[in-house]
Amino acid sequence: METDQLKLSTKWQGDFVFEAAGQGGHTLRMDAHQGVGNDQGLLPMQALLGSLAGCVGMDVVMILRARMKDVRSIEIVTEGDKRRNPPKEFLAITVTFIVEGDIDADKVWHAIEVSGEKYCPVAHSLKADVAYKLVLNGKEAGAK
C-alpha cells in the first residue's frame, strides 16, 4: 500500500488554547469549553466534526461539479453522540446535508454515499490506528 504523509503543527498558546497551523499558513484555534478554558476556539471534537463535514462536502461538490450551477446553497450539520465517560469518543455521527436548488435528490444521495464509502479520508480516518511519540528537551523519549 502506497502512503502519503500530511503534517500539521499544533502549538500551545497558554492556558488550554492550542493553535494548529497547516503548510499553507492557515490556522485553527482550539480551546476547552467555558469553565475549564476560556472558549477562545473550537473544541477539538467540534473541529473533528467540521473536518468530516468539509471533507464530505468537498467530495459532493466535486462529484456534482457539472450540476453545481443548479445548487443555490449547501449547509452541512454534523452531530456527534459522545460517550459520557472517558475517553468520551464519538459513538455515532450524523451528517445532515441541507441543500437548496434544482437538483435531483438521487444525484445528491449518490454523491454523499460515494464520498462516505470511497473518497472521504476523514471518514475513513476515524478508524485509524493512532501512535504516540515523545520528544522531551530535543531528545526522543519513546513511542507507544
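Thresholds applied
Residues numbered from 1 in each chain as written. Predicted model: local features only at pLDDT ≥ 70, side-chain atom pairs only at ≥ 80, totals over all residues. Heavy atoms only, no water. Disulfide = S-S within 2.5 Å. Helix = DSSP H or I, 4+ residues; strand = E, 2+ residues; numbered from the N terminus. Buried < 20%, exposed > 50% of the residue type's maximum accessible area, 1.4 Å probe, protein only. UniProt positions renumbered as here; feature names shortened; annotations may be inferred. Polar contact = N/O pair within 3.5 Å; in protein donor to acceptor, adjacent residues only side chain to side chain. Salt bridge = Lys/Arg side-chain N within 4 Å of Asp/Glu carboxyl O. Core = buried A, V, L, I, M, F, W, Y, C linked by side-chain atoms within 4.5 Å. Domains from an automatic or database assignment. Expected span 1.5 Å × (residues − 1). Contact = heavy atoms within 4.5 Å. Pairing = 2+ DSSP bridges. Axes fitted to C-alpha atoms, helices over the stretch in contact; angles between N-to-C directions. Arc of directions from axis to C-beta.

- Naming follows an unreviewed UniProt entry, where the protein appears as Putative redox protein of Planococcus citreus.

## Some details on the state of the cysteines
So, point 1. Scanning the entire structure with this criterion turns up 1 disulfide.
So, point 2. Between the sulfur atoms of Cys-55 and its disulfide mate Cys-120 the distance is 2.5 Å. Here the residue Cys-55 occupies a position in helix 1 (residues 44-63), and Cys-120 occupies one in the loop between helix 2 (105-119) and helix 3 (121-125), the gap between them amounting to 65 residues. Here the two residues Cys-55 and Cys-120 agree in accessibility, since each one is buried.

## Examining the UniProt feature "transmembrane region" (unreviewed entry) in the protein
So, point 1. UniProt records the feature "transmembrane region" (unreviewed entry) for residues 45-64 in the present numbering.
So, point 2. In the segment residues 45-64, helix accounts for 95% and strand for 0%; the C-alpha atoms at its two ends are 29 Å apart.

## Some thoughts on the side chain of Thr-78
So, point 1. With respect to the helices, strands and loops of the structure, Thr-78 is situated in strand 4 (residues 71-82).
So, point 2. At 3.5 Å, the side chain of Thr-78 and the backbone oxygen of Leu-49 are in polar contact.

## Quick notes on the pattern of salt bridges
So, point 1. If you walk through the whole model with that rule in mind, you get 5 salt bridges.
So, point 2. Glu-19 is the partner of Arg-29 in a salt bridge, and the nearest nitrogen-oxygen pair spans 3.2 Å. Highlighted residues: Arg-29 in strand 3 (residues 27-30) and Glu-19 in strand 2 (residues 17-21), separated in sequence by 10 residues.
So, point 3. Arg-67 is the salt-bridge partner of Asp-70, the closest N and O atoms lying 3.1 Å from each other.

## Some remarks on the nonpolar core
So, point 1. Ranked by internal contacts, the top residues of the largest apolar core, which has 13 residues, are Val-56, Val-60, Leu-64 and Cys-120.
So, point 2. Looking at this core, the elements that each hand over two or more residues are helix 1 and helix 2.
So, point 3. Examining the composition of this core, we find that 4 residues originate from one element, helix 1, more than from any other.

## What to know about the domain arrangement of the protein
For interface size, the figure often reported is the accessible area lost on association.
So, point 1. Along its sequence, the protein is carved into domain 1 (1-41) and domain 2 (44-141).
So, point 2. For domain 1 versus domain 2, the distance between C-alpha centres works out to 18 Å.

## A closer look at helix 1
So, point 1. Spanning 20 residues, helix 1 covers 29 Å between terminal C-alpha atoms, matching the ideal 28 Å at 1.5 Å per step.
So, point 2. For helix 1, every residue scored as buried is listed here: Ala-47, Leu-49, Leu-52, Ala-53, Cys-55, Val-56, Gly-57, Asp-59 and Val-60.
So, point 3. On its buried face, helix 1 is in contact with strand 3, strand 4, strand 5 (90-101), helix 2 and helix 3.

## Re the sheet that holds strand 1 (residues 9-14)
So, point 1. Ordered by their spatial adjacency, 3 strands build an open sheet running 1-2-3, and the pairing between neighbours is antiparallel. Strand pairing shows two members of the sheet lacking a second neighbour, strand 1 and strand 3, which therefore form its edges. Going from strand to strand, the sheet's axes swing by 20° on average, the running direction of each strand aside.
So, point 2. Note that strand 1 and strand 2 share 5 bridges and pair antiparallel.

## Comments concerning helix 2
So, point 1. In a regular helix each residue adds 1.5 Å, so 15 residues correspond to 21 Å; helix 2 covers 20 Å between its end C-alpha atoms and thus fits that length.
So, point 2. Within helix 2, burial applies to Val-108, Ala-111, Ile-112, Val-114 and Ser-115. Burial along helix 2 is one-sided: seen end-on, the buried residues are contained in an arc of 165°. In helix 2, the exposed positions that point more than 90 degrees away from the buried face belong to Ala-105, Asp-106, Trp-109, Glu-117 and Lys-118.
So, point 3. Contacts from the buried residues of helix 2 go to helix 1 and strand 5.

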